[in-house]
Amino acid sequence: MPPYQLCNVTNCAKSNLCYRYLAVPEENQLFHCYDTICTKDNEYYYFMKVRDDDKVIKLDSPAIKSTNTELDSTIEGETDAEQI
């Protein structure tokens, strides 16, 4: 099981610095929509700063996840392609 729930909120002010948003998802990765519980009002409580050694997705990558459904279909597509 992956160690963290990642975030799929695309319009967050901290998304370009947040590990939860930029992390490369693992197989069976869990995602959460932190838009109501990780806000400026609560000082971005669930924000996790990206460290130099973290494996992250580049923001200009087409593989950026925006919804769990898109990610699931991407993972399934890769798995199917590997089996062929």
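Residues numbered from 1 in each chain as written. Predicted model: local features only at pLDDT ≥ 70, side-chain atom pairs only at ≥ 80, totals over all residues. Heavy atoms only, no water.

1. What about the environment of C38?
Definition in use: Helix and strand assignments come from DSSP, with helices taken as H or I runs of at least 4 residues and strands as E runs of at least 2, each series counted from the N terminus. Contacts: residue pairs with any heavy atoms within 4.5 Å of one another.
Residue placement: C38 occurs in the loop between β2 (31-32) and α2 (68-83). In this structure the C-alpha to C-alpha distance between C38 and K14, which are 24 residues apart in sequence, comes to 9.7 Å. Each residue touching C38, except ones within four places of it in the same chain, is listed here: Y44, Y45, Y46 and F47.

2. Re the pattern of salt bridges
In plain terms, the rule: For this analysis, a salt bridge means a side-chain nitrogen from Lys or Arg found within 4 Å of a carboxyl oxygen belonging to Asp or Glu. Only protein chains enter the accessibility calculation, which uses a 1.4 Å probe; a residue whose area is less than 20% of its type maximum is buried, one above 50% is exposed, and one in between is partly exposed.
Within this structure, the stated rule accounts for two salt bridges. Between D53 and R51 there is a salt bridge; the shortest N-O distance is 3.9 Å. By the burial criterion, D53 is exposed, and R51 matches it. Across the pair D54 and R51 runs a salt bridge whose closest N-O atoms are separated by 2.9 Å. What makes D54 buried here is its relative accessible area of 14%. Relative accessible area serves as the criterion here: at 55%, R51 is assigned to the exposed category.

3. Let's talk about the environment of S15
Structurally, S15 is set in the loop between β1 (6-7) and α1 (19-22). Taking relative accessible area as the criterion, S15 reaches 11% and is therefore assigned buried. Residues S15 and F47, spaced 32 residues apart in sequence, show a C-alpha to C-alpha distance of 8.8 Å. Look past the residues within four positions of S15 in its chain and what remains in contact with it is V9, T10, Y21 and L22.

4. As for the layout of surface pockets
It is a probe the size of a water molecule, rolled over the atoms, that shows where empty space is left. Formally: Using a grid of 1 Å spacing that covers the protein atoms alone, one calls a set of points a cavity when a 1.4 Å probe fits there but cannot get out, and a pocket when the set is open and has protein on both sides within 12 Å along at least five of seven lines; lining residues are those with an atom within 4 Å of a point. Grid points are joined across faces, edges and corners, and a volume is the space filled by probe spheres set on the points. Throughout this entry, Asp, Glu, Lys and Arg are counted as charged residues, while Ala, Val, Leu, Ile, Met, Phe, Trp, Tyr, Cys and Pro are counted as nonpolar. The remaining residues, Gly among them, count as polar.
Of the voids in this model, the second largest pocket is the one considered here, and its volume is about 160 Å³. Contributing to the lining of the second largest pocket are 16 residues, with C7, V9, C12, Y34 and C38 lying nearest its centre. Across the lining of the second largest pocket, the residue classes tally to ten nonpolar, three polar and three charged.

5. Quick word on the confidence of the model for the chain
Worth spelling out the cut-off: A score between 0 and 100, pLDDT records how confident the predictor is in each residue.
The share of residues in the chain with pLDDT of 70 or more is 68%, and the mean pLDDT across the chain is 77. This model gives residues 62-84 a pLDDT under 50, and the stretch forms 20 contacts once residues within four places in sequence are excluded.

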